[in-house]
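# An overview of the molecular structure
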Amino acid sequence: MNELNGNSINPSRQVKITADSTCDLSDAVLEKYDIDLIPLYVALGNKSYRDKFEISPDDLYDYVRKTGKLPKTSAVTVKDYVDRFLPYKLAGRSILHFTISSSMSACYQNAVIAAEELGNVRVIDTANLSTGIGHLAVRAAELAASGLDADHIAQAVTELIPKVETSFVIDTLSYLHKGGRCSAVAALGANLLSLKPCIEVRDGAMRVGKKYRGTLEKCLTSYVSDRLQGRADIDLRRIFVTHSELPPRLTESILKQIGRLAKFEEVIETETNSTVCTHCGPGTLGIIFIKK
């Protein structure tokens, strides 16, 4: 299910929207809103690949299963940013770039250096990840299509940052453990007790919220109800349902549940790119929306 109605936004607009590959937007969304994706890097052993363009989550999971090792990720370089921004700059367009939280990566700092070198580039530290970034980039694209200038778009989306609610439930702590973000004792305990933690993004960092217990399907159903049921503070224009190697049957069940709990105008299903998968692992699902 991917509700993307209407024609693509006119790419001749004066403000160009770009985002790090950690925004986890699908090709259909990127095309519709004329958003340019700039990839981080994922290293399998000694070889580095551009996220989404040269490596997929399937490649990543296959590597982990075969080697027991976790791939390493690295930020977009200053040169990469300059190379991607420059054509738009030469075309006379202003650029508004959205990065993963500055507390999670050096992308923001590198993008700022590139922006200072080129001029007419505004960099937004989203204090978020995955489609928490995507929400802001899509909103910026809509404002750009309406004819708003770069400064006003930047101000509008910056005001939205604290209103983005990003959370996800993970099936296994092994990836967080391998990445040094979770102790071996905590990972073992969670596995023995069948615990599925909810990870929330707060103040630009990932924090553990409620811990669910039981099968993945049971935990995800409870998680979605907890996030949506009885809420009057949600902006119902759009919700992203973003997941990693989740069975299609379970994804469809979650989408139907969301439809029963809240009447969103647009429900967009996306899959996580490799950078985010490196930390969350397979069997992850998040619902991301904006509060009023």
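Residues numbered from 1 in each chain as written. Predicted model: local features only at pLDDT ≥ 70, side-chain atom pairs only at ≥ 80, totals over all residues. Heavy atoms only, no water.

What the protein contains, in helices and strands, is 11 helices and 13 strands. Across the 292 residues in the protein, those meeting the buried criterion constitute 53%. Excluding contacts between residues fewer than 6 apart, the proportion of contacts in the protein whose partners are at least 24 apart in sequence is 76%. Counting only carbon and sulfur atoms, one obtains 51% of the accessible surface of the protein, whose full area is about 12900 Å². (Helix = DSSP H or I, 4+ residues; strand = E, 2+ residues; numbered from the N terminus. Buried < 20%, exposed > 50% of the residue type's maximum accessible area, 1.4 Å probe, protein only. Contact = heavy atoms within 4.5 Å. Areas by Shrake-Rupley, 256 points an atom, 1.4 Å probe, with all protein chains shown as cover.)

The backbone of Asp34 shows a phi angle near 55 degrees, a positive value even though the residue is not glycine. You can see Asp34 is positioned in the loop between α1 (27–33) and β2 (35–38).

Counted at 1.5 Å a residue, the expected span for helix α5 (residues 131–145) with its 15 residues is 21 Å, and the 20 Å between its end C-alpha atoms agrees. Burial within α5 is extensive, with 12 of its 15 residues counted as buried. All buried positions along α5 are accounted for by Thr131, Gly132, Ile133, Gly134, His135, Leu136, Ala137, Val138, Ala140, Ala141, Leu143 and Ala144. Positioned one or two residues after α5, Gly147 has a phi angle of 100 degrees, which is positive. (Expected span 1.5 Å × (residues − 1).)

Let us now look at the packing of aromatic side chains. All chains considered together, the criterion is met by two aromatic pairs. With a centroid separation of 6.4 Å and 80 degrees between ring planes, the pair formed by Tyr212 and Tyr223 is classed as edge-to-face. Taken together, the residues span a long stretch of sequence, with Tyr212 in strand β10 (residues 205–213) and Tyr223 in helix α9 (residues 216–228) at a distance of 11 residues. We note that Tyr212, like Tyr223, is buried. (Phe/Tyr/Trp six-rings, centres within 6.5 Å; stacked < 30°, edge-to-face > 60°.)

By the definition in use, this model includes zero disulfides. With no disulfide of its own, Cys277 lies closest to Cys280 among cysteine sulfurs, the gap being 4.9 Å. (Disulfide = S-S within 2.5 Å.)

We now examine the pattern of salt bridges. This structure, assessed with the given rule, holds 21 salt bridges. Here Arg238 and Glu142 are joined by a salt bridge, their closest N and O atoms 2.6 Å apart. Of this pair, Arg238 sits in strand β11 (residues 234–244) while Glu142 is found in helix α5, placing the two residues 96 residues apart along the sequence. With its nearest N and O atoms 2.3 Å apart, the salt bridge here joins Arg227 to Glu200. With a gap of 27 residues between them, Arg227 in helix α9 and Glu200 in strand β9 (residues 195–202) connect regions that are remote in the sequence. Ionic contacts of the salt-bridge type, sharing partners, join the residues Glu165, Glu200, Arg202, Arg227, Arg231 and Asp233 into one network. (Salt bridge = Lys/Arg side-chain N within 4 Å of Asp/Glu carboxyl O.)

When pLDDT is averaged across the protein, the result is 89; 89% of the residues are at 70 or more. Of the regions scoring below 50 in pLDDT, residues 1–11 engages in 28 contacts with residues more than four places distant in sequence or in other chains. In this model residues 177–190 is a low-confidence stretch, pLDDT under 50, and it forms 18 contacts with partners more than four residues away in sequence or in other chains. (pLDDT = per-residue confidence, 0-100.)

A few words on the packing of α5 against helix α6 (residues 150–160). Taken N-terminus to C-terminus, the directions of α5 and α6 make an angle of 150 degrees; their axes are 10 Å apart at the nearest point. On the basis of their axis angle, the class for α5 and α6 is roughly antiparallel. Note that α5 runs across α6; the crossing there is right-handed. Two secondary-structure elements touch here, α5 through Leu136, Arg139, Ala140, Leu143 and Ala144 and α6 through Ile153, Ala156, Val157 and Leu160. In the contact of α5 with α6, the residues fall into eight nonpolar, no polar and one charged. (Axes fitted to C-alpha atoms, helices over the stretch in contact; angles between N-to-C directions. Parallel < 35°, antiparallel > 145°, perpendicular 65-115°, else oblique. Left-handed = near helix turned anticlockwise from the far one by under 90°. Nonpolar A, V, L, I, M, F, W, Y, C, P; charged D, E, K, R; others polar.)

Helix length check: helix α4 (residues 107–118), at 12 residues, gives a terminal C-alpha distance of 16 Å against a target of 16 Å (1.5 Å per residue), a fit within 8%. Three or more residues of α4 are buried, namely Cys107, Asn110, Ala111, Ala114, Ala115 and Leu118. Seen from one end, α4 has its buried residues packed into an arc of 140 degrees, which puts them on one side. Facing away from the buried side of α4 by more than 90 degrees, the exposed set consists of Glu116 and Glu117. Looking at the buried side of α4, the elements it contacts are β1 (15–20), α3 (78–90), β6 (94–99) and β7 (121–125). (Arc of directions from axis to C-beta.)

Reading across the sheet, the three strands line up as β4-β3-β5 and stay open at both edges, with antiparallel pairing between neighbours. Each having just a single partner strand, β4 (47–50) and β5 (72–74) make up the two edges of the open sheet. Across the sheet, the axes of successive neighbouring strands diverge by a mean angle of 30 degrees, strand direction being ignored. Across three bridges, strand β3 (residues 41–44) lies against β5 in antiparallel orientation. What sits directly across from Ala43, in β5, is Lys72. (Pairing = 2+ DSSP bridges.)

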